[in-house]
Amino acid sequence: MSNLTLLGAMSPAGIALLCIFLALPAGIVGGMFLFQFIQKRKLGDAKAEYKRVIEDAKLEAKTLRKDALLEAKEEQIRLRNEFEKKSNELESERREHRSEVSKDTVRLNHKEDMLNKKEDALDKKLESIDVLKKDYEDRQKQLNEIEVSLLSQQDKMLKELEKVSGLSKDEAKAQLIEAIRDEAKHDAAVIIKEIEKEAKEEGEKRAKNIVALAIQRCAVDQASEATVSVVELPNEEMKGRIIGRVGRNIKALESATGVDVIIDDTPDVVTLTGFDPIRREVARQTLQKLIADGRIHPGRIEEVADRVRKDLDATVKEAGEGAVFDAGLYGVHPEIIKLLGRMKFRTSYGQNVLKHSLEVSHLAGLLAAELGADIKIAKRAGLLHDLGKSVDHEYEGTHVQIGVELARKYKENERVVHCIAAHHGDTEANTIEAIIVQASDAISSARPGARRESLEFYVKRLEKLETIANSFAGVEQSFAIQAGREIRVIVKPDKVDDSATILMAKEIAKKLELELEYPGQIKVNVIRELRSVEYAK
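Because the structure is predicted, anything quoted here is derived from the model rather than measured.

Visitor: Got a minute to help me understand helix α15 (residues 498–515) in this structure?
Guide: An α-helix turns once per 3.6 residues; consequently, residues spaced three or four apart project the same way. In a regular helix each residue adds 1.5 Å, so 18 residues correspond to 26 Å; α15 covers 26 Å between its end C-alpha atoms and thus fits that length. Of all the residues in α15, the buried ones are Thr501, Met504, Ala505, Ile508 and Leu512. Seen end-on, α15 carries its buried residues on one side only, within an arc spanning 105°. Opposite the buried face of α15, at more than 90 degrees from it, the exposed residues are Ser499, Ile502, Leu503, Lys506, Lys510, Glu513 and Leu514. The backbone nitrogen of Ala500 lies 2.8 Å from a side-chain oxygen of the residue at the head of α15, namely Asp497.

If you want it as structure tokens, here you go:
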């Protein structure tokens, strides 16, 4: 009653705490019994698993033991087989070695027998050599005796010859040597003359072959041009438009371009003349553009001329660069390239100077290759040899002098400068490249069709050539042949002897150089012929 009263007097929280307090020991005791039960059960399972693992290990050990025994027996059998095989092989090798030893023994015995036989033969030969040596010594004694006898006889004969000839041995020897020396000199002179003749013929032949080969391999287009420009007109009325009112258009054109515009009775053409080819080309292109445009008046003429002049500068540069590229050169100064381009519009005896220079460059390179000279120097000098012609109307002096000054100004190689200076003989050629450039220039200028001149000038030049030759005393007649490249002079044999013909040829050549202008060179051939005529009656 008292406990119940006490419980009734407690609050709900106290009651809950009391229940927890009473239930905690019971839960601990129950948990201990449950943990012991679980541990016993796990221990039983572990023991069962342990027994099972032990049984499996024993079974696996027995299996591995059986497999190991089988492998050991198999390895034992294999090793036994290998041992037996190697034993058989060693036995076979031992038998072969024994057989080879036996054979070597037989061979050695055979060689020993052969050596014994050779030794016996050598002994016999030595015995025969001793006999021959003794015989040789006996014969040598006999020869010495004969030699002494011959020497004594020779002395006697020499003394007899000296008595008969009246000359001592030394005097006779000196006379013989002198006679042999004279004969040898004569033979040597004959041989030298023949060698010189053969060398000259061979040299001329080789030179002709080299030049011919170079010309055949050089394929430069031929260009022959006039010194005036002609512009075609669409109709005759265009002439009046070009002249303009009171001639103002033609005056403006001449003033803007610096050339003379000739309008004559020739139908449908206008002629442009001027010493500067660049100006003439500017005028030609300007007039063509004006004709195509149709607007022709002073302001338009000046505008078109300025534009054409700028375009032509670019064309000149392109032409120079193209020439340098075609010649295979590099490192050429830009100003020299421009000067080369200007030569595109320059002519010499109707031959385009740029085409001519490019041809000389190719020829010089080919000749240099054949002769073993410096190809680069020869080609460079060949292209630049007429450089002065691009501005020769602007400076005083010959195109050679101007070319040398320009080349030095733009730091060209001195060897190239020397070739430029010597290509017309103004300076003596000191290098093989300079001579090659001379020859290439002559080939390019002198070949048929390379240069053009009027018929009237051509005839006058030939007449002047013959007149100069006929002016010398003793000349019977003269003939200009090979288009004026050779003058054949026939002299009177009773007034001019052989030695005088040489002097006359030099004097005629010198006079031609002073009084006559001509491209290339002229060969002077003086002929003296003596004819004796008699009649049988």
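Read on, since the account is not over.
Visitor: Sorry if this is basic, but what is going on with a negative patch on the surface here?
Guide: On the surface, a cluster of negative charge is contributed by Glu119, Asp120, Asp123, Glu127 and Asp130. You can see Asp120 is positioned in helix α2 (residues 12–165). Since its relative accessible area comes to 46%, Asp120 is described here as partly exposed.

Visitor: Even after reading the chapter, I still don't get unusual backbone geometry, so can you show me in this structure?
Guide: The bulk of non-glycine residues show a negative phi, and the bulk of peptide bonds are trans. Look at Val246: it is not a glycine, yet its phi comes out positive at around 55°. Relative to the helices and strands, Val246 resides in the loop between α4 (237–243) and α5 (248–257). Of note in the backbone geometry, Lys411 takes a positive phi value of approximately 60° without being a glycine. Examined against the element boundaries, Lys411 turns out to sit in the loop between α11 (399–409) and α12 (414–422). Overall, the relative accessible area of 73% leaves Lys411 in the exposed class.

Visitor: Help me understand the packing of helix α10 (residues 375–384) against α12 in this model?
Guide: A pair of packed helices can be characterised by two numbers: the angle between their axes and the separation between those axes. Relative to each other, α10 and α12 sit at 45°, their axes nearing to 9 Å. Comparing the axis directions of α10 and α12 gives the class oblique. By crossing handedness, the relation of α10 to α12 is classed as right-handed. Contact residues: α10 offers Ile377, Arg380, Ala381 and Leu384, while α12 offers Arg415, Val416, Cys419 and Ile420. When grouped by side-chain class, the residues that make up the contact of α10 with α12 number six nonpolar, no polar and two charged.

Visitor: When you look at the nonpolar core in this model, what are you seeing that I'm missing?
Guide: If you look at soluble globular proteins, the nonpolar side chains tend to sit buried side by side. The biggest cluster of nonpolar side chains holds 33 residues, and the ones touching the most others in it are Val324, Ile336, Leu340, Leu383 and Leu406. The element contributing the most residues to this core is α12, with six residues. Every residue in contact with Val324, bar those within four places of it in the chain, is listed here: Leu329, Val332, Ile337, Leu340 and Leu383. Counting 24 residues, the second-largest nonpolar core is a separate cluster that includes Val231, Ala252, Ala283 and Leu312.

Visitor: Would you take a moment to explain the pairing of strand β3 (residues 269–273) for this structure?
Guide: Consecutive side chains of a regular strand alternate in pointing toward one face of the sheet and then the other. By the criterion of burial, β3 is predominantly enclosed, with four of the five residues buried. Here three bridges tie strand β2 (residues 260–262) to β3, and the two strands are oriented antiparallel to one another. Residue pairing across strands places Ile262 opposite Thr271, the latter belonging to β3.

Visitor: For this particular structure, what's the right way to read the packing of helix α6 (residues 277–293) against helix α7 (residues 298–327)?
Guide: Here α6 crosses α7 at 125°, and the two axes come no closer than 9 Å. With respect to their mutual orientation, α6 and α7 come out oblique. At the point where α6 passes α7, the crossing takes the right-handed sense. Contact with α6, carried on its side by Ile278, Glu281, Val282, Gln285, Thr286, Lys289, Leu290 and Asp293, involves Arg300, Ile301, Val304, Ala305, Val308, Arg309, Leu312 and Val316 of α7 and no other residues of that element.

Reading the values: the criteria
- Residues numbered from 1 in each chain as written.
- Predicted model: local features only at pLDDT ≥ 70, side-chain atom pairs only at ≥ 80, totals over all residues.
- Heavy atoms only, no water.
- Helix = DSSP H or I, 4+ residues; strand = E, 2+ residues; numbered from the N terminus.
- Expected span 1.5 Å × (residues − 1).
- Buried < 20%, exposed > 50% of the residue type's maximum accessible area, 1.4 Å probe, protein only.
- Arc of directions from axis to C-beta.
- Polar contact = N/O pair within 3.5 Å; in protein donor to acceptor, adjacent residues only side chain to side chain.
- Patch = residues over 30% accessible without salt bridge, like charges linked within 9 Å, V, L, I, M, F, W, Y side chains within 5 Å.
- Areas by Shrake-Rupley, 256 points an atom, 1.4 Å probe, with all protein chains shown as cover.
- Salt bridge = Lys/Arg side-chain N within 4 Å of Asp/Glu carboxyl O.
- Lys, Arg positive; Asp, Glu negative; His and termini not counted.
- Charge placed at Lys NZ, Arg CZ, Asp CG, Glu CD.
- Axes fitted to C-alpha atoms, helices over the stretch in contact; angles between N-to-C directions.
- Parallel < 35°, antiparallel > 145°, perpendicular 65-115°, else oblique.
- Left-handed = near helix turned anticlockwise from the far one by under 90°.
- Contact = heavy atoms within 4.5 Å.
- Nonpolar A, V, L, I, M, F, W, Y, C, P; charged D, E, K, R; others polar.
- Core = buried A, V, L, I, M, F, W, Y, C linked by side-chain atoms within 4.5 Å.
- Pairing = 2+ DSSP bridges.

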